[in-house]
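Geometric and topological summary
Chain by chain, the residues:
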Amino acid sequence: MIVHIKLFATAVRQIFQRPLTVRWPEERRDYGDRFRGFIVNDRSKCISCQLCEAVCPAKAIKFHLEADGRRYPGIDWGRCILCGYCVDACPTGSLRHVNNGEIVWTSLDVYRRPSEMDPDDAAPLPGTKSLI
Amino acid sequence: MEARMDLSPPGDLIAALVFPGVLGIFGFLVVAIWLERKLVARVQWRYGPLYVSKPLGGFLQPVADLLKLVFSELVLPRHTNRLLFAAAPILLFFAEGLPVVFIAAAPGVVMAPHPYGLAIAVVLVLLVAVLVVAMAWTEADKFTYIGAVREILLTAAYEVPLLLSALSMFLLYGTADPYGVVEAQSAVWGAILNPLAFAVYLVALLMATTRFPFEIPEAEPEVVVGPYTEYGSTLFIYAFGANYVKLYVLSLLGAVLFLGGWLPAAGILGVFATLAKMGVFLLPAMLVRAIYPRYRIDQALRIGWGKLLALSIAAALWSIAAAWIW
């Protein structure tokens, strides 16, 4: 009998405690600074060593010849799992994570070419509440 | 009968239209669904429905749900008697609301005052329970069949304790008249006069409206929604709303029988007192959704025919002894 009263007391006490859920999309959680989000490449530091392509477990990175005669990585976002192996393997630190992991695409064309992977390409879709 | 006409005809008109009649039932549907979802959500540390009308705390969410249901496609299966399929939930909805005709919310606010009014109301509640099984049978579906069998087993289990609990209160007051029952509680409330009957009534209310922990006919992981599976748009409102109407009727009956009805207010303000006392039954009935798991059908039947029946017999004996002594 006392168990039932304790159950009701717990329930009533929990009513007056704040909810733990986040009212997405008006509020978003803060995951900290080192969150493994969207991956961008700083081409001024990249030395085209192809270590990122070798270490990627999902085979998402492919190298392309760019306009300045050198090869740079492009990421297939249908395959990338945001594991961060390529960022860890990069010797110069040109490949970096952005702090945000909420990635939204508006079509099935999800391949980011090397010229689209500059750090300032990680921008929200205009007119929406998305983040990348 | 002339002495009972405290108010002129508007008395029973108010009862029929405002409370506990039409506006009361439909207002209750909207408020109860919202309150249940919000309460259960807050117990579970989440927000509950907040998208539809955020300044009001999501209060219009059930209205939005009802509107959406009305406009969605009404599916009538080909393999059943379609007239009965459509008629059963409508019949059930209005039959579940019948007992309020005999219950008084305030002096003069009753549709059909009768010397045995509350006894008739209790019997009507019990008789109408079988219409859920009829409704499930017209759906011709294996899930509803299982739900119907469980519903009728559960009904048989709670009927006798509910009836005995109400009967013990009638014995104690010496009357089943809607006014006499409340006037007999002017000194002490019925819940204190016979606490055994009050406890039995609470558990029987949870069993009757298939609330947790007795939500066996509508157990979502097992039978899809139980007896209400095949119903679509408007018929779903009637079918599922009938469940809430039953909760409304049983709460009203409990407030009048056990918590002193409209006392200590008098006149038309008694309506608010009755409403507040209905809340004493409604809030636990909604909170149990977040608290208790679900019984198995054999465990629930064992409780109904074992402990609950014994407790209700004890409540009746207590009433006889108390009526003998005083």
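Up top is the structure these notes are about.
Now for a quick tour of the structure. Keep in mind the model is a prediction, meaning the values are calculated, not measured.

1. Some words on the overall build of chain B
A count of helical and extended segments in chain B gives 13 helices and 0 strands. The linear arrangement of helices and strands in chain B, starting from the amino end, is α-α-α-α-α-α-α-α-α-α-α-α-α. A compact globule built from 326 residues would reach a C-alpha radius of gyration of about 20 Å, and chain B, at 20 Å, matches this within 12%. A principal-axis box enclosing the C-alpha atoms of chain B has dimensions of 60 × 45 × 45 Å. Here chain B holds 326 residues, and 47% of them are scored as buried.

2. Re the pairing of strand β2 (residues 61–65) of chain A
Residue and element names in this part refer to chain A. Relative to strand β3 (residues 71–76), β2 runs antiparallel, the two being bridged by 5 bridges. Looking at β3, one finds that His-64 is bridged to Tyr-72. Taken together, β2 and the strand that follows it, β3, pair antiparallel across an intervening segment of 5 residues, in which Gly-69 is found at a positive phi of about 85°.

3. Things to note about helix α12 (residues 270–291) of chain B
All names here are of chain B. The end-to-end C-alpha distance of α12 is 32 Å, a good match for the 32 Å that 22 residues give at a rise of 1.5 Å each. The sharpest bend along α12 comes to roughly 30°, located at Val-280, with the proline Pro-284 sitting one to four residues further on. All of the buried residues along α12 are Gly-270, Val-271, Ala-273, Thr-274, Lys-277, Met-278, Phe-281, Leu-282, Met-286, Leu-287 and Val-288.

4. Side note on the sheet that holds strand β5 (residues 111–112) of chain A
Residue and element names in this part refer to chain A. Taken together, the 3 strands give an open sheet; going across it, the order is β2-β3-β5, and neighbouring strands pair in antiparallel fashion. Each edge of the open sheet carries a strand with a single partner, namely β2 and β5. Of the strand pairs in this sheet, β3 and β5 are connected by 2 bridges, and their pairing is antiparallel. Bridge pairing in β5 links Asp-76 to Tyr-111.

5. Here's the deal with the packing of helix α11 (residues 234–258) of chain B against α12(B)
All names here are of chain B. For the pair α11 and α12, the least separation of the axes is 8 Å and the interaxial angle reads 120°. The pairing of α11 with α12 is recorded here as oblique in orientation. Here α11 and α12 pass one another in a crossing that is right-handed. Residues Leu-247, Ser-251, Leu-252, Gly-254 and Ala-255 of α11 lie in contact with α12, whose contacting residues are Thr-274, Lys-277, Met-278, Phe-281, Leu-282 and Ala-285. For the contact of α11 with α12, a count of residues per class yields 7 nonpolar, 3 polar and 1 charged.

6. Focus on the nonpolar core
Counting 95 residues, the largest nonpolar core has B:Ile103, B:Ala204, B:Met207, B:Ala239, B:Leu252, B:Leu253 and B:Val256 as its most contacted members. For this core, the element with the most residues is α11(B), which contributes 16 residues. Once residues lying within four places of it in the same chain are set aside, the contact partners of B:Val256 are B:Ile103, B:Ala104, B:Pro178, B:Val181, B:Val182 and B:Gly261. A:Phe38, A:Cys56, A:Cys86 and A:Met117 belong to the second largest nonpolar core, which has 12 residues in total.

7. Topic: the environment of A:Ser44
Residue and element names in this part refer to chain A. Tracing the chain through its elements places Ser-44 in the loop between β1 (39–41) and α2 (51–55). On the neighbour-count criterion, Ser-44 (8 C-beta atoms within 10 Å) is exposed. Linking Ser-44 and Asp-76, residues 32 residues apart in sequence, is a C-alpha distance of 21 Å.

8. Some remarks on the interface of chain B and chain A
Taken together, the 10 residues of chain B in the interface contact 10 residues of chain A. Counting only elements with at least two residues in the side of chain B that touches chain A, the list comes to α2 (22–43) and α12 of chain B. Classifying every residue of the side of chain B that touches chain A by side-chain character gives 8 nonpolar, no polar and 2 charged.

9. Observations regarding the environment of B:Phe59
All names here are of chain B. Counting through the fold element by element, Phe-59 comes out in the loop between α2 and α3 (61–71). The exposure class of Phe-59 is partly exposed, given the 17 C-beta atoms found within 10 Å. In this structure the C-alpha to C-alpha distance between Phe-59 and Pro-49, which are 10 residues apart in sequence, comes to 8.0 Å. Contacts of Phe-59, omitting those with residues within four sequence positions, involve Trp-34 and Ser-53.

10. A closer look at the packing of α2(B) against α3(B)
Residue and element names in this part refer to chain B. Close contact between α2 and α3 brings their axes to 8 Å; oriented N to C, the two are set at 115°. Relative to α3, α2 is oriented so that their crossing is right-handed. Two secondary-structure elements touch here, α2 through Val-30, Ile-33 and Trp-34 and α3 through Gln-61, Pro-62 and Val-63.

Cut-offs used in this document
- Residues numbered from 1 in each chain as written.
- Chains lettered and ligands numbered in written order.
- Predicted model: local features only at pLDDT ≥ 70, side-chain atom pairs only at ≥ 80, totals over all residues.
- Helix = DSSP H or I, 4+ residues; strand = E, 2+ residues; numbered from the N terminus.
- Rg over C-alpha atoms; globule rule 2.2 N^0.38 Å.
- Buried ≥ 20, exposed ≤ 12 C-beta atoms within 10 Å, placed from the backbone.
- Pairing = 2+ DSSP bridges.
- Expected span 1.5 Å × (residues − 1).
- Bend = angle between axes of the 7 residues up to and from the residue.
- Axes fitted to C-alpha atoms, helices over the stretch in contact; angles between N-to-C directions.
- Parallel < 35°, antiparallel > 145°, perpendicular 65-115°, else oblique.
- Left-handed = near helix turned anticlockwise from the far one by under 90°.
- Contact = placed C-beta atoms within 7 Å.
- Nonpolar A, V, L, I, M, F, W, Y, C, P; charged D, E, K, R; others polar.
- Core = buried A, V, L, I, M, F, W, Y, C linked by C-beta atoms within 7 Å.

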